[in-house]
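Residue strings, one per chain:
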Amino acid sequence: MKNTFKNIDEYILLFPIEVQEKLLELRQAIHSQVPDLEEYIGYQMPAFRYKGKPLVYFAGYKKHIGFYPGAEGISNFETDFKERKYTYSKGAVQFPISSDLPLDLVNKIIRFKVEEIEQKKS
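Bear in mind that the values here come from a model prediction, so they are computed numbers and not experimental data.

Glancing now at the overall build of the chain. For the chain, the helix and strand inventory stands at five helices and five strands. Counted from the first residue to the last, the chain has its helices and strands arranged as α-α-β-β-β-β-α-α-β-α. Taken over the C-alpha atoms alone, the chain extends approximately 40 × 35 × 25 Å along its principal axes. Considering the chain as a whole, with its 122 residues, one finds that 45% of them fall into the buried category. Nonlocal contacts in the chain, meaning residues at least 24 apart in sequence, comprise 51% of its contacts between residues at least 6 apart. A total accessible area of about 7,000 Å² is found for the chain, and carbon and sulfur atoms account for 50% of it.

What follows deals with the sheet that holds strand β3 (residues 53–60). As summarised here, the arrangement of the five strands in space is β1-β2-β3-β4-β5, forming an open sheet in which the pairing is antiparallel. Strands with a single pairing partner mark the edges of an open sheet, and in this sheet they are β1 (38–42) and β5 (93–96). Neighbour-to-neighbour, the strand axes of the sheet open up by a mean angle of 25 degrees, direction not taken into account. Pairing of β1 with strand β2 (residues 45–50) involves five bridges; the strand directions are antiparallel. Paired with Y40 across the bridge in β2 is A47. Sheet contacts for helix α2 (residues 17–33): β1, β2, β3 and β4 (64–68); angle to β3, the most-contacted strand, approximately 165 degrees.

Right, let's get into α2. Spanning 17 residues, α2 covers 25 Å between terminal C-alpha atoms, matching the ideal 24 Å at 1.5 Å per step. Taken together, the buried positions of α2 are V19, Q20, K22, L23, L26, R27, A29 and I30.

Counting buried positions over the six residues of β2 gives five, a clear majority of the element. The antiparallel pairing of β1 with β2 creates a hairpin that spans two residues between the two strands, and Y43 there sits at a positive phi of about 55 degrees. Between the end of β2 and the start of β3, which pair antiparallel, lie two residues, with K51 showing a positive phi angle near 50 degrees.

Another aspect to go through is the packing of aromatic side chains. The full count for this structure, using the stated rule, is nine aromatic pairs. Measuring from centroid to centroid gives 6.2 Å for Y40 and Y57, while their planes differ by 70 degrees, and the two rings are edge-to-face. On the criterion of sequence distance, the pair formed by Y40 in strand β1 and Y57 in strand β3 is long-range, its members being 17 residues apart. Aromatic pair Y86 and F95: ring centres 5.2 Å apart, planes at 70 degrees, arrangement edge-to-face. Side by side, Y86 and F95 carry an identical accessibility label, which is buried. A network of ring pairs unites the aromatic residues F5, Y11 and F15 as a single cluster. The lysine or arginine in question, R49, covers the ring of Y40, its NZ or CZ lying 3.6 Å from the ring centre.

Criteria and cut-off values
- Residues numbered from 1 in each chain as written.
- Predicted model: local features only at pLDDT ≥ 70, side-chain atom pairs only at ≥ 80, totals over all residues.
- Heavy atoms only, no water.
- Helix = DSSP H or I, 4+ residues; strand = E, 2+ residues; numbered from the N terminus.
- Buried < 20%, exposed > 50% of the residue type's maximum accessible area, 1.4 Å probe, protein only.
- Contact = heavy atoms within 4.5 Å.
- Areas by Shrake-Rupley, 256 points an atom, 1.4 Å probe, with all protein chains shown as cover.
- Pairing = 2+ DSSP bridges.
- Axes fitted to C-alpha atoms, helices over the stretch in contact; angles between N-to-C directions.
- Expected span 1.5 Å × (residues − 1).
- Phe/Tyr/Trp six-rings, centres within 6.5 Å; stacked < 30°, edge-to-face > 60°.
- Lys NZ or Arg CZ within 6 Å of the ring centre and 35° of its normal.

Treat this as a map of the structure, not an account of what it does.
This is the structure in structure tokens:
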């Protein structure tokens, strides 16, 4: 995608409704864990900052949602990804559009990332 988005709403509106629903659900889940997040567009993807530090990114695709919690956010949850048969790399995991979002896992990753940022501040 070569578009430049001003905000997450603009980004989400580019997708078919079934992808939009998943993206909105993921966005809501992230906000429900950490109420005072700053939203922005980073690397042409929806992104969130916690206390000025990047927390997570996500992106919509035709067949999956890409979730980008960074290398530590991936390495600490590899067992979960393997158990649930998710495709993942050193910085991203793919959640299939055809399945429910693993909100329990997303919440665990968000808590881990918040803790990681808190530790670096102290």
